[in-house]
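The residues making up each chain are set out below.
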Amino acid sequence: MSTSTDNNASITQESGPSAAVQDIQKKIVVRTADGEVFNLKEEVAMEIDIIKTFFQEDSISYETVMPLPNVEGWEMVKVIEYCTKHVELKHKVDGYKERKAFQALFVQNLSTKSLLALTNTANYLEVKYLLDFLCQAVSEQIKNKDVDYVRELFGVENDFNDEEYEQVKAEAPWAHENLNNDLH
Amino acid sequence: MSMSKMKNESFDLHEDVIVKILCRLPVKSLIRFTCVSKRWRSIIISDPQFGKSHLQVASQQGTLCPKVLISIYPTIKAIQGQIPYPFKDDTPWLPSRFQSLEGYSSVNNLTFPSEEKSQRVMASCNGLVLLGEYYKSYFKNLSIWNPSTGFFRKIPSPSFGFEVTKSTEKKNYRSFLYYGFGQVTATDDYKPVLIKPALGDFVDVHVFSLRANLWKVIKAPSSSCIGWIDGQGSLSNGAIHWVNYPIYGVSDPTMVAFDLAEEEFRQVPLPVFNQNEDGVHLRQIKIQVLLGGCLCVWSQDLYGHSEFWVMREYGVPESWVKLIQFSQDDLPNEFTSCSSWDPTFVSEGGTMLIKLLDKKELVWIECRQEENPVCSAQYRIEEFPWAIFDGTLYDETLVSLPEGL
């Protein structure tokens, strides 16, 4: 197990011209399932509970590259983006509007499927506020969709036979009306 | 069976995540998604924990959807054109019909999930409706129903008998029984409460705990329970409220509350009405609950002037604020020749849903400052004339109760 002195030393050696600045900002390195490597600022990395636990519980040196086999590269990019913004807004007094604008942009180019994958990842990485936000975003996108759409999205098999399905549907026909099924 | 069997998927969706997403959906979507798979159906409708979580999220986010439960109690054509009287025991009642009303006009017929006859809606809490069969000045065969999910549970009859008493108090001709229904949040228990009018020093309060599946009799001093007008109590802040007229026409009315957790009575202050008019003690006072939960009181004086007051801070007498006022004459045309009317709910913005009992109609009126109330919508109960109807406010929830212990 490395000591913290070794840790600082190794960072200084790896850094470039702005060594002094980087010295202050410790970095944590993770590798995602597709082999991509990410350098996270310590304060951002600590927002991700699974990373925080990994390094803090056993006092693992920051030299160690933490493997994240359940996370894709693009997901890590998004998670870092959100957590970085969250940390930035922590210090702002009235960040409400800015947060809302950021959140709208954040989900803008993601398909519902990707959003769902990202939600799953936020759950695995244990970032509660991101998980809450993403669950809300997914629910907004699916609330007016029909049963077939939801089955497809969540990859659920229909285990009702035709008769059973009609029976269940007939219990509340009003729930199946006025839906919005544009493809997303 | 898992909630998600991945086919050609690159990620393994955790069950917790699916439940967290579902918790945030409106009830209509969730009812629809009970058709997704058997597992989803079981989680959404049959898991009391899910119903509870969903209610918590919806309450916090302010997305609870209030609806009106319209109950229609038909009878066969009466003899000699007599209008059916609500509480006469020998009126031949047909099975009750129920509809749910959302907004101004979206009506759905509901299937009542039981063979029980003549069930009357008594009260509602967190989307659960308490029903009972009115018989000889008592409600028997009580049951709990969630109209949004179909959840249904019969309540066992109490082992103690109830006396069949004749009320000698003429002023209580409308009901011989006082009742209410509410939740004890600390223990997640739901309790129907039935109270007979006082005949001696003490009055019996019959309380049922759904969690314990037990009836209890609480003795309370009858001074708390004399001279109540309305059978149905109003739920607010974990207590059921009734208006108390110790000596009608002589003393000031007060409000009594039965605390469901402590199982005891306490006084709650009423607003201070205009003291200068004559006959201040002859006001008719009825309790409503404001959409959003604050206690609201409707007072009508001898001259047909109505006032609606809201207690902004529970238990604080100074927090009573007059929200709305109008005279009988100010009311729109729909009210002409309809002296008997009853509010079902009042909203902060001055929207009121009123039952026009004689005309078998529900009307919405908007009450704005400095203006006369305006009728914004109407709903006619289409039924052959020999029926009485009622409207009860309830929230659309997925709340259910765990299997008996």
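Thresholds applied
- Residues numbered from 1 in each chain as written.
- Chains lettered and ligands numbered in written order.
- Predicted model: local features only at pLDDT ≥ 70, side-chain atom pairs only at ≥ 80, totals over all residues.
- Heavy atoms only, no water.
- Pairing = 2+ DSSP bridges.
- Helix = DSSP H or I, 4+ residues; strand = E, 2+ residues; numbered from the N terminus.
- Axes fitted to C-alpha atoms, helices over the stretch in contact; angles between N-to-C directions.
- Salt bridge = Lys/Arg side-chain N within 4 Å of Asp/Glu carboxyl O.
- Buried < 20%, exposed > 50% of the residue type's maximum accessible area, 1.4 Å probe, protein only.
- Expected span 1.5 Å × (residues − 1).
- Contact = heavy atoms within 4.5 Å.
- Buried area = accessible area lost by both parts, 1.4 Å probe.
- Polar contact = N/O pair within 3.5 Å; in protein donor to acceptor, adjacent residues only side chain to side chain.
- Nonpolar A, V, L, I, M, F, W, Y, C, P; charged D, E, K, R; others polar.

Residues and elements named next belong to chain B. Reading across the sheet, the 4 strands line up as E16-E17-E18-E19 and stay open at both edges, with antiparallel pairing between neighbours. Of all strands in the sheet, those with a lone pairing partner are strand E16 (284-289) and strand E19 (320-327), marking the two edges. Pairs of neighbouring strands in the sheet enclose a mean axial angle of 20°, with direction left out of account. Relative to strand E18 (residues 305-311), strand E17 (residues 295-300) runs antiparallel, the two being bridged by 6 bridges. Within the sheet, the bridge partner assigned to Leu295 lies in E18 and is Met311.

Enumeration over the complete set of coordinates arrives at 26 salt bridges over all chains. With a closest N to O distance of 3.0 Å, B:Glu396 and B:Lys67 form a salt bridge. Here the residue B:Glu396 occupies a position in strand E24 (residues 387-396), and B:Lys67 occupies one in strand E1 (residues 65-74), the gap between them amounting to 329 residues. You'll find B:Glu396 and B:Lys67 in the same group, each marked buried. Within this structure, A:Lys85, A:Glu88, A:Lys92 and A:Glu98 form a network of salt bridges that share partners.

Next up on the list: helix H5 (residues 73-90) of chain A. Between its first and last C-alpha atoms H5(A) spans 26 Å; for 18 residues at 1.5 Å apiece the expected length is 26 Å, and the two agree. Along H5(A), the residues classified as buried are A:Gly73, A:Glu75, A:Met76, A:Lys78, A:Val79, A:Ile80, A:Tyr82, A:Cys83, A:Lys85, A:His86, A:Val87 and A:Leu89.

Another point: the environment of B:Gln61. Relative to the helices and strands, B:Gln61 resides in helix H4 (residues 48-61). With sequence-adjacent residues up to four places away left out, B:Gln61 is seen in contact with A:Gln136 and B:Arg24.

This brings us to the interface of chain B and chain A. At the junction of the two partners, chain B supplies 35 residues and chain A supplies 39 residues. Buried area between chain B and chain A, both sides added, is near 3,300 Å², and the carbon and sulfur share of it is 63%. On the surface where chain B and chain A come into contact, there are 3 salt bridges. The partner of B:Lys38 in a salt bridge is A:Glu164, and the shortest N-O contact between them spans 3.4 Å. Across the contact surface, chain B and chain A share 13 residue pairs in polar contact (both at pLDDT 80 or more). Breaking the side of chain B that touches chain A down by element, the ones donating at least two residues are helix H1 (15-22), helix H2 (27-33) and helix H3 (38-46) of chain B. With 5 residues, the single largest contributor to the side of chain B that touches chain A is H2(B). Considered class by class, the residues forming the side of chain B that touches chain A number 15 nonpolar, 8 polar and 12 charged.

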